[in-house]
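Examining the three-dimensional arrangement
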Amino acid sequence: MSGLRLDVEDWYPFLEPETFATTIIPLTYREAQAVLHAADDVKFKVNDHLTGEDKEVLAALALKLDAGLTTWKSSGAFVRLSKRSPKDAALRDPRLKQYIAAEMEAEPDDAQTPASKGKGHVAQADIGKAIIAITRAVTKLACIHSGTEAIDMLVRSQRRIYPDLTLLLLQQSEAEFNENIILREFVDLRPEMEFRAFIHQGQMTGLTQYNSLCYVPEVAGNHEALGKSILAYWDTRVRPLVPPTIPSYVCDFAFVKTPEGEVLKTIELNPFGECTHACLFDWKVCTQFSL
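Since we're looking at a predicted model, the values are computed, not measured.

1. Some details on unusual backbone geometry
Despite not being glycine, Gln-201 shows a phi value in the positive range, around 50 degrees. With respect to the helices and strands, Gln-201 occurs in the loop between β5 (194-200) and β6 (203-209). Residue Gln-201 is classed as exposed on the basis of its relative accessible area, which comes to 51%. A positive phi is found at Cys-279, a non-glycine position, where the angle reads about 60 degrees. Among the structural elements, Cys-279 can be located in the segment after β8 (261-270). A relative accessible area of 9% means that Cys-279 is categorised as buried.

In structure tokens form, the structure reads like this:
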């Protein structure tokens, strides 16, 4: 397995033509501390970790992020750190149920077989519809329009940003500290149409839908055509951009709606190894990644 580190700063410079517009803003040691203190107040449901100085630091950070958001003030942006995004923050958003209900309402009911209509029986299609609605709602709630909203997303990410920043502050001194806040153009993706590809020694050896929690009829019914499209896109548009110093990696793709129709875009690169989720595969039992 490759131990290569692949943060946004590592791959964005060469993948810029094929991915979403991105702005990289340095995060200081003191700013990281203030974010963690605010997160502690959320985690422990108290108001005694955030000091007056922390509040001043966060206010200045919000202004710095506002400057970086100028291009996307109307359409919004997606915020993350170098390694991971605060995608779990939406689970603490009070608007989540409202957004899920709206997504459920917008999606037409699937035809059900007679066996799925029995009393007390929840149809598999209904479960899949609910999961897709949740992932779409979480995606929409990730859209931010201000520095204050960006900080709030980071603070509410208790399972991803909180442990990541905690570990960084434990491992690095103030002089060594090296972390960035990443602002990316927000695109309202259909998360059920995101895919993860495994590239080993310059060859695509595995491809899976990103959502490992539900069956997606659109993907299952068109898997051959989708696979061919993604392979061709990677082979002609992405592969030539990746330097030979990165022979193995995991690459995420999404179909994005444009006025001309749906087109493929690259979301990000990830390290090739068990630190990257295998989605519908399993690193422990799959050997085809290394073929």
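Now that the structure is up, let's keep going.
2. Side note on the packing of helix α2 (residues 29-44) against helix α7 (residues 161-171)
Running from N to C, α2 and α7 point in directions that differ by 135 degrees, and their axes come no closer than 10 Å. Taken together, the axis directions place α2 and α7 in an arrangement best described as oblique. Relative to α7, α2 is oriented so that their crossing is left-handed. Listed contacts from α7 to Tyr-29, Ala-32, Gln-33, Val-35, Leu-36, Ala-39, Asp-40, Lys-43 and Phe-44 of α2 are Tyr-162, Leu-165, Thr-166 and Leu-169. Across the contact of α2 with α7, the residue classes break down as nine nonpolar, two polar and two charged.

3. What to know about a positive patch on the surface
Residues Lys-43, Lys-45, Arg-92 and Arg-159 make up a contiguous surface patch of positive charge. With respect to the helices and strands, the residue Arg-92 is situated in the loop between β2 (77-81) and α4 (96-106).

4. Digging into the packing of aromatic side chains
Enumeration according to the criterion identifies seven aromatic pairs in this entry. Ring centres of Trp-11 and Tyr-12 lie 6.5 Å apart, and the angle between their planes is 70 degrees; on these two criteria the pair is classed as edge-to-face. With respect to class, Trp-11 is no different from Tyr-12; both count as buried. Aromatic pair Phe-195 and Phe-255: ring centres 6.0 Å apart, planes at 85 degrees, arrangement edge-to-face. Placement of the pair is Phe-195 in strand β5 and Phe-255 in strand β7 (residues 249-258), with a sequence separation of 60 residues. Given the relative accessible area of 4%, Phe-195 is considered buried. Owing to a relative accessible area of 11%, Phe-255 belongs among the buried residues under this scheme. Aromatic ring contacts, followed pair by pair, group Phe-198, Phe-272, Phe-281 and Trp-283 into a single cluster. In this structure, Lys-43 is placed above the aromatic ring of Tyr-162, and the distance from its NZ or CZ to the ring centre is 5.1 Å.

5. Regarding the sheet that holds β2
The antiparallel open sheet is built from four strands, whose spatial order is β1-β4-β2-β3. Every other strand in the sheet has two partners, leaving β1 (22-27) and β3 (143-144) as the edge strands with one partner each. With six bridges connecting them, β1 and strand β4 (residues 179-185) associate as antiparallel partners. Paired with Thr-22 across the two strands is Arg-184, which belongs to β4.

6. Overview of the environment of Thr-28
Here Thr-28 lies in the loop between β1 and α2. C-alpha separation for the pair Thr-28 and Phe-177, spaced 149 residues apart in sequence, amounts to 7.2 Å.

7. Topic: the sheet that holds β5
The four strands lie next to each other as β6-β5-β7-β8, forming an open sheet whose pairing is antiparallel. Two strands bound the open sheet, and with one partner strand each, they are β6 and β8. Shown here is a sheet whose adjacent strand axes are inclined to one another by a mean of 25 degrees, direction ignored. In the sheet, β5 pairs with β7 via six bridges, with the strands oriented antiparallel. Pairing of Ile-199 across the sheet is with Tyr-249, part of β7. Across the sheet, helix α9 (residues 223-238) is in contact with β5, β6, β7 and β8; its angle to β7 comes to roughly 110 degrees.

The rules behind these values
- Residue positions are given per chain, counting from 1 as you read along its sequence in written order.
- Restriction of local features to residues with pLDDT of at least 70 applies here, the model being predicted, together with a cutoff of 80 or more for giving and counting side-chain atom pairs; totals for whole chains, interfaces and linings are based on all residues.
- Side-chain numbers come from the whole structure's heavy atoms, not from hydrogens or water.
- Every helix listed is a DSSP run of H or I at least four residues long, and every strand listed is a run of E at least two residues long, numbered separately from the N terminus.
- Residue exposure (1.4 Å probe, protein chains only): buried if accessible area is under 20% of the type maximum, exposed if over 50%, otherwise partly exposed.
- Orientation is described by lines fitted to C-alpha atoms, with helices fitted over the stretch in contact, and by angles between N-to-C directions that extend from 0 to 180 degrees.
- Put simply, angles under 35 degrees are roughly parallel, angles over 145 are roughly antiparallel, angles from 65 to 115 are roughly perpendicular, and the rest are oblique.
- Working rule for handedness: look at the near helix, and if it is turned counterclockwise from the far one by less than a right angle, call the crossing left-handed; if clockwise, right-handed.
- When checking whether two residues touch, look at their non-hydrogen atoms; a contact exists if any pair is within 4.5 Å.
- Following the grouping adopted for this structure description, the nonpolar residues are Ala, Val, Leu, Ile, Met, Phe, Trp, Tyr, Cys and Pro, the charged ones are Asp, Glu, Lys and Arg, and the polar ones are all others, Gly among them.
- A patch consists of residues whose relative accessible area exceeds 30% and which take part in no salt bridge; residues with like charges are grouped when within 9 Å of each other, and nonpolar side chains (Val, Leu, Ile, Met, Phe, Trp, Tyr) when within 5 Å.
- Values of accessible area rely on a 1.4 Å probe in the Shrake-Rupley scheme; residue burial ignores everything except the protein chains shown.
- We count a salt bridge whenever a side-chain nitrogen from Lys or Arg sits within 4 Å of a carboxyl oxygen from Asp or Glu.
- Positive: Lys, Arg. Negative: Asp, Glu. His and the chain ends are not part of the count.
- Note on charges: their place is set at NZ of Lys, CZ of Arg, CG of Asp or CD of Glu.
- The aromatic pairing rule takes the rings of Phe, Tyr and Trp, using the six-membered ring of Trp, and pairs them if the centres are within 6.5 Å, calling planes under 30 degrees apart stacked, those over 60 edge-to-face and the rest tilted.
- Sitting over a ring, as applied to charges here, requires NZ of Lys or CZ of Arg to be within 6 Å of the ring centre and within 35 degrees of the ring normal.
- Here a strand pair is declared whenever DSSP counts at least two bridges between the two strands.

Functional significance is not addressed by these values, which are geometric in nature.
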